[in-house]
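Given next are the chains, with one letter for each unit.
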Amino acid sequence: MSRAAAVRALLLSLGLAVPALAHDRTVSYSTIELAGPRARITLRMSALDVSRLPWTAGRGAEIDARLGAYFAEHLTLSADGAPCPVTRAPQRQPGGDDRVAYTWEATCPTPRALQVRTTLLQPEAPSHLHFVRLLHGGGPATERVLSEAAPLWTLGDVSAPAPVGTTFVDFVRLGVEHILSGTDHLVFLLGLLLLGGTLRDLVRIVTGFTVAHSITLALAVFGLARPPSGAIEALIGLSIALVAAENLWLASGRRPAVRYAIALALLALAAAATRGRGGVPALTLAGLALFAVCYLGLLARVARPAPLRAAVAFVFGLVHGFGFAGVLLEAALPSERLARALFGFNLGVELGQVACVLLLWPLLQAAFRVGEGRLQRPLVEYGSAAILAVGVFWFVSRSYG
């Protein structure tokens, strides 16, 4: 690839980041309990993902009934080619402010050749993944991940592949799919990579992020720490905005006023949180303000900032790890399968992450060498400005929307 072609490819990838905002990671879950021809279906989805449906703005019995009908229409069962009609209307279940859950029943004309189909959040989120867990006759549960590309699961078909969740490779595949559909995680990594640096710097950054999110992923899956998912999703957006702001601060000459402005903005958000505004706790935001002052103050004293960025990757990687954990937590896997699931899923996340880094890194390096480095500063400034806007949008919509 020529250098000019590399530059065009890099600019195209940055340009595609904004349209991709509507398609970041979304996952829903269902448990289907079969008893002869009857099926009891429980569906769970985060309130943030539900808000993608434009008509859900509001509360009340009418919205609840419409949302239940939507779920029953877009997660359907059929048997031997005939639909399984709903025989008990969807009822909303207690799920907290950040989680929506509905249960309903369907009766199939025959228990043979049962099929599960999903069109949930289509076309609102084309990359949406739906995790189905099937319980039948007291036997071991089986799972399958459905998507727009593979929306149908036929049970009892011996020619079909083994259900997702039954093998280690299946969890690796789920981890890869999750990171590749998680636009916010990828945008965060892009923000860290934009400043360039040596291969050693790249290894430090990726290692810091990997170690941190592996720690919190394990803590969450084994029940040792489970912060509210809404706050975590908002903090992921804020982490993206802060990394982009750091890029712009470094590119503009490291003015002291900028780092204090960032800290004051975080303290203002913390003050608002003490009045019940937003989804992120005030103490967390105040801690981030203190971290920003100390970290940026240290960064102002060093000639090469890249080695220190592993610290940022680690700190915010802790937050992103809780975001990764949602898939395995909601899957409600039995304890004897958690270790295998955790290791396989985390490995898949790392493989997907490394693949993206290996794709972007050569493009960035080629672009930075064009014209003896004249393109590097515009790429850092314009790319970071776009990432900053994306991060602020995600934080505001997830915390206050």
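Residues numbered from 1 in each chain as written. Predicted model: local features only at pLDDT ≥ 70, side-chain atom pairs only at ≥ 80, totals over all residues. Heavy atoms only, no water.

Section: the confidence of the model for the protein
Here's step 1: Of the residues in the protein, 87% reach a pLDDT of 70 or more, and the chain-wide mean stands at 82.
Here's step 2: Every residue in residues 157-165 is under pLDDT 50, and counting partners more than four places away or in other chains gives 19 contacts. (pLDDT = per-residue confidence, 0-100. Contact = heavy atoms within 4.5 Å.)

Comments concerning the pattern of salt bridges
Here's step 1: Applying the stated criterion across every chain yields a total of ten salt bridges.
Here's step 2: Glu105 is paired through a salt bridge with Arg88; the nearest N and O atoms lie 3.7 Å apart. Taken together, the residues span a long stretch of sequence, with Glu105 in strand E6 (residues 99-107) and Arg88 in strand E5 (residues 86-93) at a distance of 17 residues.
Here's step 3: A salt bridge links Arg309 to Glu246, with the shortest nitrogen-to-oxygen separation between them at 3.0 Å. Remark: Glu246 occurs in helix H7 (residues 229-251) and Arg309 occurs in helix H10 (residues 309-331); sequence separation between them is 63 residues. Of the two residues examined, Arg309 and Glu246, each falls in the buried class. (Salt bridge = Lys/Arg side-chain N within 4 Å of Asp/Glu carboxyl O. Helix = DSSP H or I, 4+ residues; strand = E, 2+ residues; numbered from the N terminus. Buried < 20%, exposed > 50% of the residue type's maximum accessible area, 1.4 Å probe, protein only.)

Re the environment of Val396
Here's step 1: Among the structural elements, Val396 can be located in helix H12 (residues 376-399).
Here's step 2: Sequence separation between Val396 and Leu238 is 158 residues; the distance between their C-alpha atoms is 8.6 Å.

Re the packing of aromatic side chains
Here's step 1: Across all of its chains, the model carries nine aromatic pairs by this definition.
Here's step 2: Here the aromatic rings of Tyr29 and Phe131 are separated by 6.3 Å at their centres, their planes lie at 45°, and the arrangement is tilted. A residue pair is termed long-range when its members are at least 10 positions apart, and Tyr29 in strand E1 (residues 27-35) and Phe131 in strand E8 (residues 129-136) qualify at 102 residues. Phe131 matches Tyr29 in its accessibility class, with the two residues each being buried.
Here's step 3: Relative to Tyr295, the ring of Phe291 has its centre 5.6 Å away and its plane inclined at 5°; by these criteria the two rings are stacked. On the criterion of helical spacing, the pair formed by Phe291 and Tyr295 is a turn pair, its members being four residues apart in helix H9 (residues 282-299).
Here's step 4: Take Phe291: its relative accessible area is 26%, and that puts it in the partly exposed class.
Here's step 5: Classification of Tyr295 as buried rests on a relative accessible area of 8%.
Here's step 6: Members of the aromatic cluster, each reached through a chain of ring pairs, are Phe188, Phe209, Phe291, Tyr295 and Phe316. (Phe/Tyr/Trp six-rings, centres within 6.5 Å; stacked < 30°, edge-to-face > 60°.)

Focus: unusual backbone geometry
Here's step 1: That bond from Gln122 to Pro123 is cis: its omega, 15°, falls within 30 degrees of zero.
Here's step 2: Of note, the phi angle at Leu121 is positive, near 55°, even though the residue is not glycine.
Here's step 3: Residue position: Leu121 is located in the loop between strand E7 (114-118) and E8.
Here's step 4: A positive phi is found at Arg254, a non-glycine position, where the angle reads about 60°.
Here's step 5: Relative to the helices and strands, Arg254 is located in the loop between H7 and helix H8 (256-274).

A few points about the sheet that holds E7
Here's step 1: Spatially, four strands are ordered E4-E3-E7-E10 in an open sheet, and the strand pairing comes out antiparallel. Because the sheet does not close on itself, it has two edges, and the strands there are strand E4 (82-83) and strand E10 (152-154).
Here's step 2: Bridge count between strand E3 (residues 75-79) and E4: two bridges; the pairing is antiparallel. Looking at the pairing, Ala79 lines up with Ala82 of E4.
Here's step 3: Along the sheet, helix H3 (residues 61-74) contacts E3 and E7; its crossing angle with E3, the most-contacted strand, is approximately 40°. (Pairing = 2+ DSSP bridges. Axes fitted to C-alpha atoms, helices over the stretch in contact; angles between N-to-C directions.)

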